[in-house]
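Survey of secondary and tertiary structure
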Amino acid sequence: MSDMRHDAPMYLSDLVLSKRPLPRRQEAETETFTCGGERQSALVTHEEVQNWANGTQEAIICSISHAWETREHPDPCRHQLQQIVNHTGLYGAAFEADIWIFYDYSSLFQYERTNSHEEKSFRKAMNNMHLMYAHECTLTFRIETLTPEHVWNTMLADEEVVVRVYDAGSKTLKEKPLKLLEANRTPYLQRGWCMAEIEWSSLRGVNAQHQHIDRPKDPKSETQKSDHLNGRVPMIPEKFRQQMEQAKFTHRSDAEAVIYLQQKIFREKVIECQHLVLEGLPAQEILALAHALPHYENLKSLTVRRFQCGEEEATSLGKALASSQAETLEIRGIGESGRFMVKALAETLKTNSSVRDMNLAHNKIGPEGAQALAGALKINSSVRDMNLARNDIDDTGAQALAEALKTNSSVRDMNLLFNDIGPEGAQALAEALNTNSSVRDMNLEHNKIGSEGTQALAEALKTNSSVRDINLRFNDIGPEGAQALAEALNTNSSVRDMNLAFNRICPEGAQALEEALKINSSVRDMNLEHNMIGSEGAQALAEALKINSSVRDMNLEHNMIGSEGAQ
């Protein structure tokens, strides 16, 4: 078995330009092309593959999953060849690494194998074919379309357009028109071996390594709209067996071998998988994930991004996650999907005790979603880090979460960036911090808490001893908010990092912080960029730094401090 070599896009482009189809492996042995002024073999050597395996040679290995459109040649009209060139060309332009292409017709010795070497190589490759599609260090490029009918029919009618194929009768290569080849127009998704390659390719830990490369390009097309989510999840063996009953094989006896191999690989891959990253899942694949998840016995982290689902699919996945051992969870849906999923996860958290870190940012869950999560946090005791950034939870959602934090003792980091939280929400969170002793990091960046909300938080920091980092960037706290925080720092000894950037604290706010920093010995990093403190504010902070021995980093960018303040 051999791949087409580095600069494969260049060699394949030569084939396209010269209107030649992909060669059979036997003929590919002597194929060469020009690269950098030198003639090179079209095939990768075993030595090069071994160097790649040893880490001494860089390469991107791309396995092509495709249909055989005739018995003699899989791609007589060069439709697949054009798709491969279009897609691999992007990789060739973006990466310095070699691009190696695995295409069975050109990589495996084909019929008729005339010696023991060719036969042994073929059998060995067939027994390990799944590795090309399931290996964590390879990519799969899936071509689902057959040659368009008009292209096929045009070539079928033109006897002068010929394809060089092996002729069993004469045991030689002959040029034949398409009409003399034995056609197979069975759709890709109905073919047994193609279905198996899809499943093998879906077993990688990162499903973005499995790509459908011949999707429609018209953004207005309804097919395109429904097909833009083409991520796949591995099918459980029981379901795969049912699919195989409907699949078409050239040799029906292959079905049982494919079923056995899929079951074996499924068990091996999912059991060893610890980190699963899934993108672009349509609703039916979310349901497939719910069915497959119980088999991931050693899963530590699950990321599901850019997906669509309804309440039914979200509920199914939520139930599957209830018994999962995954400790890290990242969910980011499209449109309403994220909201449905977070609602389901809130129920999951009431019984799940393994999830530690949850990233639910960018799901637009609104106040209702925050309220559902708050209800779960009153019961759950395992979640430590919760990222709810950009979710439009507003004051109502913040108030619900604050109520939960009064009793929850596990959450350490709470990210509420960009959530339209105003003074009322900040006041509720401040009230929670009066009693909560677990929260260490509170991120309220880009909200609307103002001076009133900041004053409430400052009052809480006078007694709270758990908060280490507080981010109030872009909250329009003004001089009054800075003064309130300064007063809190006079007594607080836990806060280390304070971000007050873009808050218009002016010289008055900086002067208040001066007095606090002369006393405080816990603050290490303070971000005061874009605060209009001027030279007067800078001079005040300078006086504090003559005494303070804890501050390590102070950002004063864009404050109009002038040369006097800098001195």
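Each remark here, short or long, concerns the structure printed above.
Residues numbered from 1 in each chain as written. Predicted model: local features only at pLDDT ≥ 70, side-chain atom pairs only at ≥ 80, totals over all residues. Heavy atoms only, no water.

1. Considerations on the overall build of the chain
- A count of helices and strands for the chain gives 23 helices and 19 strands.
- The C-alpha radius of gyration computed for the chain amounts to 31 Å, which surpasses the reference 24 Å derived for 567 residues by more than 25%, pointing to a less compact arrangement than a globule.
- Burial analysis of the chain (567 residues in total) assigns 55% to the buried set.
- Sequence-distant contacts, at least 24 apart, represent 80% of the contacts inside the chain between residues at least 6 apart.
- On the chain, roughly 25500 Å² of surface is accessible, and the fraction owed to carbon and sulfur atoms is 48%.
- Of the charged side chains in the chain, 59 are positive and 80 negative; the average position of the first set lies 6 Å away from that of the second. (Helix = DSSP H or I, 4+ residues; strand = E, 2+ residues; numbered from the N terminus. Rg over C-alpha atoms; globule rule 2.2 N^0.38 Å. Buried < 20%, exposed > 50% of the residue type's maximum accessible area, 1.4 Å probe, protein only. Contact = heavy atoms within 4.5 Å. Areas by Shrake-Rupley, 256 points an atom, 1.4 Å probe, with all protein chains shown as cover. Lys, Arg positive; Asp, Glu negative; His and termini not counted. Charge placed at Lys NZ, Arg CZ, Asp CG, Glu CD.)

2. Here we look at helix α9 (residues 192-201)
- Counting buried residues along α9, nine of its 10 residues qualify, which places the element largely inside the surrounding structure.
- The inward-facing, buried residues of α9 contact β3 (59-65), α7 (130-134), β5 (138-142), β8 (210-212), α11 (237-246) and α12 (254-272).

3. Some remarks on helix α13 (residues 283-292)
- Looking only at α13, the buried set comprises Glu285, Ile286, Ala288, Leu289, Ala290 and Ala292.
- Residues of α13 that are buried in the fold lie against β9 (275-279), β10 (301-307), α14 (311-322) and α15 (336-348).

4. Some details on empty space enclosed by the protein
- For the coordinates displayed, the defined rule picks out one cavity of 30 Å³ or more.
- One number sums up the size of the largest cavity: a volume of about 60 Å³.
- Along its surface, the largest cavity is lined by Leu321, Ser324, Ala326, Leu329, Leu345, Thr348, Leu349, Asn352, Ser354, Val355 and Met358. (1 Å grid on protein atoms, 1.4 Å probe; cavity = no way out; pocket = protein on both sides within 12 Å on 5 of 7 lines; lining within 4 Å. Points joined across faces, edges and corners; volume = space filled by probe spheres on them.)

5. Notes on unusual backbone geometry
- Residue glutamate 112 is reached from tyrosine 111 by a cis peptide bond, and omega for that bond is 5°.
- With respect to the helices and strands, glutamate 112 occurs in the loop between α5 (104-107) and α6 (116-127).
- Unusually for a residue other than glycine, histidine 530 sits at a positive phi of about 55°.
- Examined against the element boundaries, histidine 530 turns out to sit in the loop between β18 (525-527) and α22 (534-547).
- Residue histidine 530 is classed as partly exposed on the basis of its relative accessible area of 31%.
- One non-glycine residue, methionine 532, lies in the positive phi region at around 55°.
- Secondary-structure assignment places methionine 532 in the loop between β18 and α22.
- The partly exposed category is assigned to methionine 532, whose relative accessible area is 38%.

6. As for the packing of aromatic side chains
- Taken as a whole and assessed by the stated rule, the structure comprises nine aromatic pairs.
- Between the aromatic rings of tyrosine 91 and phenylalanine 95, the centroid separation amounts to 5.8 Å while the plane-to-plane angle is 25°, which identifies the pairing as stacked.
- Arranged with centres 6.3 Å apart and planes meeting at 65°, the rings of tryptophan 193 and tryptophan 200 form a pair that is edge-to-face.
- Look at tryptophan 193 and you get partly exposed, because its relative accessible area is 31%.
- Grouped by ring-pair contacts, the aromatic residues Phe102, Tyr133, Trp193 and Trp200 constitute a single cluster.
- Above the plane of the ring of phenylalanine 122 lies arginine 113, whose end atom (NZ or CZ) is 3.7 Å from the centre. (Phe/Tyr/Trp six-rings, centres within 6.5 Å; stacked < 30°, edge-to-face > 60°. Lys NZ or Arg CZ within 6 Å of the ring centre and 35° of its normal.)

7. Looking at the layout of surface pockets
- Looking at the largest pocket, its volume works out to about 1500 Å³.
- Together, 40 residues line the largest pocket, and Trp68, Arg71, Gln110, Thr250 and His251 are the ones closest to its centre.
- Going through the elements one at a time, α5, α6, β6 (162-167), α9 and α12 are the ones with two or more residues in the lining of the largest pocket.
- Taken together, the residues that form the lining of the largest pocket break down as 18 nonpolar, nine polar and 13 charged. (Nonpolar A, V, L, I, M, F, W, Y, C, P; charged D, E, K, R; others polar.)

8. Topic: the sheet that holds β3
- The strand order β4-β3-β5-β8 describes an open sheet built from four strands, whose pairing is parallel. The open sheet has two edge strands, β4 (98-102) and β8, and neither has a second partner. On average, each strand axis in the sheet is tilted by 25° relative to the strand beside it, whichever way the strands run.
- As defined by bridge partners, β3 adjoins β5 across five bridges and the pair is classed as parallel. For cysteine 62, the partnering residue across the bridge sits in β5 and is leucine 139. (Pairing = 2+ DSSP bridges. Axes fitted to C-alpha atoms, helices over the stretch in contact; angles between N-to-C directions.)

9. So, the packing of helix α19 (residues 450-461) against helix α20 (residues 478-489)
- Relative orientation of the contacting elements α19 and α20 amounts to 0°, with a least axis distance of 8 Å. Relative to α20, the element α19 lies roughly parallel. Where α19 abuts α20, its residues Ser451, Thr454, Gln455, Ala458 and Leu461 lie against Glu480, Gly481, Ala484, Leu485 and Ala488. (Parallel < 35°, antiparallel > 145°, perpendicular 65-115°, else oblique.)

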